[in-house]
There are 2 protein chains.
Amino acid sequence: MHRIRVRVVEDALDANNTIARANRADFDRHGVAVVNLMSAPGSGKTTLLERLLGGGIPGKRIGILEGDVQGSLDADRLARLHVPVTQLNTDPGFGGECHLDANMVRSALSEVPLDEIDLLVIENVGNLVCPAEFRVGEDVRAMVWSVTEGEDKPLKYPLMFRTCELVLINKIDLLPHLDADLDRFLENLDLVHPDVPHLLVSAKTGDGVAEWRDWLAALVEERAAVPA
Amino acid sequence: MHRIRVRVVEDALDANNTIARANRADFDRHGVAVVNLMSAPGSGKTTLLERLLGGGIPGKRIGILEGDVQGSLDADRLARLHVPVTQLNTDPGFGGECHLDANMVRSALSEVPLDEIDLLVIENVGNLVCPAEFRVGEDVRAMVWSVTEGEDKPLKYPLMFRTCELVLINKIDLLPHLDADLDRFLENLDLVHPDVPHLLVSAKTGDGVAEWRDWLAALVEERAAVPA
């Protein structure tokens, strides 16, 4: 049984990549830069996005595609900040899909105003395993690791840490109250993804959010410089 | 494509339940009580188990089946506490499976000394979605939610919170440093799983671990009272 299941996953990944390229072509046609934002549940993706959208990125229009198993709690929070937010739920299955794939994103694209935005942030389902396996047509992947989660996580979930272009180290305001060893985390990160950039941030205090904003602004500029 | 994928998952769940019953029969034959321990990554499952194994359960022998995508970091930590620990890795696939299923557990059972233990704790892969979909032959499911993860989690990952017999609320030592609203979490929990028992614990300070130990001891007694 196990061998058959693996084959099905590989076929699904082939189909996924085909659809991801179609999404990519749509994003290119509209000149939209796309970030796939991933993390474990409760790492602070949505709160970081609230911080980002609060100040915005000067001269750039942001849209959000919000992936959740069920409900629209996060989308409701972000829509209050007056940006276009599209909710995508993964729950037609028994317990819901644990990730977004390219086809799910494709099915939502007609609801995303691509001609009115410069940057689309896709907030993936909270999970450190499967979201990393499915490209959705993004330019880059950013992931959030919270300092409360343990320094061993890059070694335990290597694909996620290996396939991202930025690691946001969140909840640094809690460091004085934890035994967390940040140097050890960075050593572990370096073992699975040498030289990946990281930023120290706190969604609670706003520390580091300006640097994340600059990183996103540079991404949008870079995207705009590529001929469609 | 999406419809085909859902059908495959349902077939896999049928096969899973058949194998879970076979596992259950093996556990019954050896009079072993089995807990499926689940949570998001970094909620503190392993540290809680270290606390539990440090004191043990008087008169009861504990074994651990440790599920991880890759590596044996957690198994190595727990083996230091002189209990039988079996490591089960889910990484033959591309990024690794994001959960344990009954067949994976079955493939490891020959390495678990069932005749030398009274309680088997299966530490599942850190993930709030798919582990809840796959029975592995357990008596009960316990899940860990950390107070750092946000009060909305029962609403966003309802199947996990709905199908467990105990919720361990961990990292309560951090409550003075967070905006966490425990009453609101308990209200959300009650919406998806009314009257499920919960315990307030801190793997760091040891608070509440005695109550968890009592809960597990009662489970083992109950199991032993059932004729094989």
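These remarks concern the structure in this document. Keep in mind it's a predicted model, so treat the numbers as computed, not measured.

Residue and element names in this part refer to chain A. Within the open sheet, the seven strands sit side by side as 3-2-4-1-5-6-7. Their pairing is parallel. Looking at the sheet topology across the chains shown, the edges are occupied by strand 3 (85–89) and strand 7 (198–200). Across the sheet, the mean angle from the axis of one strand to that of its neighbour is 20°, orientation sign disregarded. Pairing of strand 5 (residues 140–146) with strand 6 (residues 166–170) involves five bridges; the strand directions are parallel. Considered in strand 6, the bridge of Met143 is made with Val167. Against the sheet, helix 7 (residues 182–192) engages strand 5, strand 6 and strand 7, with an angle of about 160° to strand 6.

A separate point is the interface of chain A and chain B. Listed by partner, the interface residues are 48 residues for chain A and 48 residues for chain B. Our enumeration of links across chain A and chain B arrives at six salt bridges. The salt bridge involving Lys156 of chain A is made with Asp68 of chain B; its shortest N-O contact spans 3.4 Å. The interface formed by chain A and chain B contains 11 residue pairs in polar contact (both at pLDDT 80 or more). Of the residues forming the side of chain A that touches chain B, the biggest block, seven residues, is contributed by helix 1 (residues 2–29) of chain A. Residue classes in the side of chain A that touches chain B are distributed as 23 nonpolar, 11 polar and 14 charged.

Okay, the relation of the copies chain A and chain B next. What relates the two chain copies is a rotation about an axis together with a slide along it. Once chain A is rotated about the relating axis by 180° and shifted along it by 0.0 Å, it coincides with chain B to within an RMSD of 0.0 Å. Considering both components of the superposition, the chain copies are consistent with a two-fold axis. Every residue of chain A has its C-alpha some distance from the rotation axis, and the shortest such distance is that of Asn127 of chain A, at 3.0 Å. A shared binding surface is used by both copies, with 100% of the interface residues of chain A retained as interface residues in chain B.

Attention now goes to the nonpolar core. Membership of the largest hydrophobic core comes to 85 residues, with the highest contact counts inside it found for Leu120 and Phe161 of chain A together with Leu120 and Phe161 of chain B. With near-sequence residues (within four places) excluded, Phe161 of chain A lies in contact with Met143, Trp145, Lys153, Pro154, Phe185, Leu189, Val192 and His193 of chain A. Judged by nonpolar contacts, the second largest core, of 28 residues, contains Val121, Val140, Ala142 and Leu216 of chain A.

Rules used throughout
Per-chain numbering applies: the sequence of each chain, read as written, is numbered from 1 onward. Lettering for chains starts from A, numbering for ligands starts from 1, and both go in the order in which the items are written. Selection of residues for local features in this predicted model requires a pLDDT of at least 70, selection of side-chain atom pairs for listing and counting requires 80 or more, and totals for whole chains, interfaces and linings are taken over all residues. Water and hydrogen atoms were dropped before computing side-chain values, which therefore reflect all heavy atoms in the structure. In this analysis, strands are considered paired if DSSP registers two or more bridges between them. Helix numbers and strand numbers start at the N terminus; a helix is a DSSP run of H or I with at least 4 residues, a strand a run of E with at least 2. The axes used here are C-alpha line fits, helices contributing only the stretch in contact, and every angle between their N-to-C directions lies in the interval 0 to 180 degrees. We call two residues in contact whenever any of their non-hydrogen atoms come within 4.5 Å of each other. Salt bridge criterion: a side-chain nitrogen from Lys or Arg within 4 Å of a carboxyl oxygen from Asp or Glu. In protein, a polar contact requires one atom able to donate a hydrogen and another able to accept it; more generally it is a pair of N or O atoms within 3.5 Å, and residues adjacent in sequence count only if both atoms are side-chain atoms. The classification used treats Ala, Val, Leu, Ile, Met, Phe, Trp, Tyr, Cys and Pro as nonpolar, Asp, Glu, Lys and Arg as charged, and all other residues, Gly among them, as polar. Least squares is used to superpose the copies, and the fit set is the C-alpha atoms of residues whose pLDDT is at least 70 in both copies. As used in this record, nonpolar core signifies buried Ala, Val, Leu, Ile, Met, Phe, Trp, Tyr and Cys residues forming a set joined through side-chain atoms within 4.5 Å. Think of it in three bands: with a 1.4 Å probe and only protein chains considered, a residue is buried below 20% of the maximum accessible area for its type, exposed above 50%, and partly exposed in between.

Everything listed here is a matter of coordinates, which is why it stays silent on function.
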